[in-house]
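Letter by letter, the chains look like this.
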Amino acid sequence: MVSNGRTYPRCRRGGRFFGRRVNCEQVPLLPAGAVARMLDDPRKIPYLLVWRSRSDSTVQEAARIAPHYETADFGGLDWTGAVEVKRHDGTRNFIRTVLRARPRKSGRVRLLICPYCSVPRRALYGWEPGGQFTNSVTRSNWQCRSCAMLRYASEGGALVSRGRSSIARLFEQRFGLLCSPRPEPWLPYVFSSPRDAAAAGVCKLNDGCS
Ligand SMILES: [Zn+2]
């Protein structure tokens, strides 16, 4: 499979998947809703997004998002409503956004345009498969789930245990399929000022939060 010039070996044998497998629920998710909130904030200030480990609460990823005004005509694209996403190591991504009508609802919703496939998305992801193991990840540019080659945990029926015994079938008829809890997306804590972030203990005011 080739995407964005990157190739990962993958094949199926006897129905089993071999190759890299990283679920999107394990990867920091940048929600379009948080970006919309920042852009709609009349104060026009950066927001700080922090992704904490769900097992020990340590900070695993952090990014500052801010309105971006500088490249109005860059690449012949519409940069109205674009945002800068800056990490603590100084790396920056510029993400375009677009307002779309809500299906079957009034009003409009802001979506993030994936910089690789240019498709408006409800979320982008900050890591991609890479490294030593088939399920290990590396930091990447913010991109959509498809371009990052991330899978849903539910893909391949991993969350559903279909019992094969007669007792299991009876149980399923009575109570439904035996399901594992569906993992939640890894959402950030959103702080609308470095002061709020410092108050919450995720950083100090002078350690590069702003
Ligand atoms: Zn994409």
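See the structure shown above.
Residues numbered from 1 in each chain as written. Predicted model: local features only at pLDDT ≥ 70, side-chain atom pairs only at ≥ 80, totals over all residues. Heavy atoms only, no water.

Quick word on the pattern of salt bridges
Enumeration according to the criterion identifies 5 salt bridges in this entry. Close ionic contact of R139 with E61 constitutes a salt bridge, the shortest N to O distance being 2.7 Å. With R139 in strand β14 (residues 137–143) and E61 in strand β7 (residues 59–67), this pair connects stretches of sequence that are 78 residues apart. Note on E61: relative accessible area 1%, which makes it buried. Where salt bridges share partners, they join E61, R87 and R139 into one cluster. (Salt bridge = Lys/Arg side-chain N within 4 Å of Asp/Glu carboxyl O. Helix = DSSP H or I, 4+ residues; strand = E, 2+ residues; numbered from the N terminus. Buried < 20%, exposed > 50% of the residue type's maximum accessible area, 1.4 Å probe, protein only.)

A closer look at the sheet that holds strand β10 (residues 97–101)
Taken in spatial order, the 3 strands of this open sheet run β10-β11-β12, and their pairing is antiparallel. Both outer strands of the open sheet, β10 and β12 (120–121), are each paired with one neighbouring strand and no more. Examined bridge by bridge, strand β11 (residues 108–113) and β12 share 2 bridges and lie antiparallel to one another. Paired with L112 across the two strands is R121, which belongs to β12. The strands touched by helix α1 (residues 32–40) are β10, β11 and β12; relative to β11, the strand with the most contacts, the crossing angle is about 110 degrees. (Pairing = 2+ DSSP bridges. Contact = heavy atoms within 4.5 Å. Axes fitted to C-alpha atoms, helices over the stretch in contact; angles between N-to-C directions.)

Notes on the nonpolar core
Counting residues in hydrophobic clusters, the biggest one holds 29 residues, and the most contacted among them are L30, I65, V85 and W142. Where this core is concerned, the elements lending two or more residues are β5 (29–31), α1, β6 (47–52), β7, β8 (83–87) and β13 (123–129). Each residue touching L30, except ones within four places of it in the same chain, is listed here: V35, L49, W51, I65, V85, L112, R122, A123, L124 and W142. Grouped together as the second largest cluster of nonpolar side chains are 6 residues, L48, A62, A197 and V202 included. (Core = buried A, V, L, I, M, F, W, Y, C linked by side-chain atoms within 4.5 Å.)

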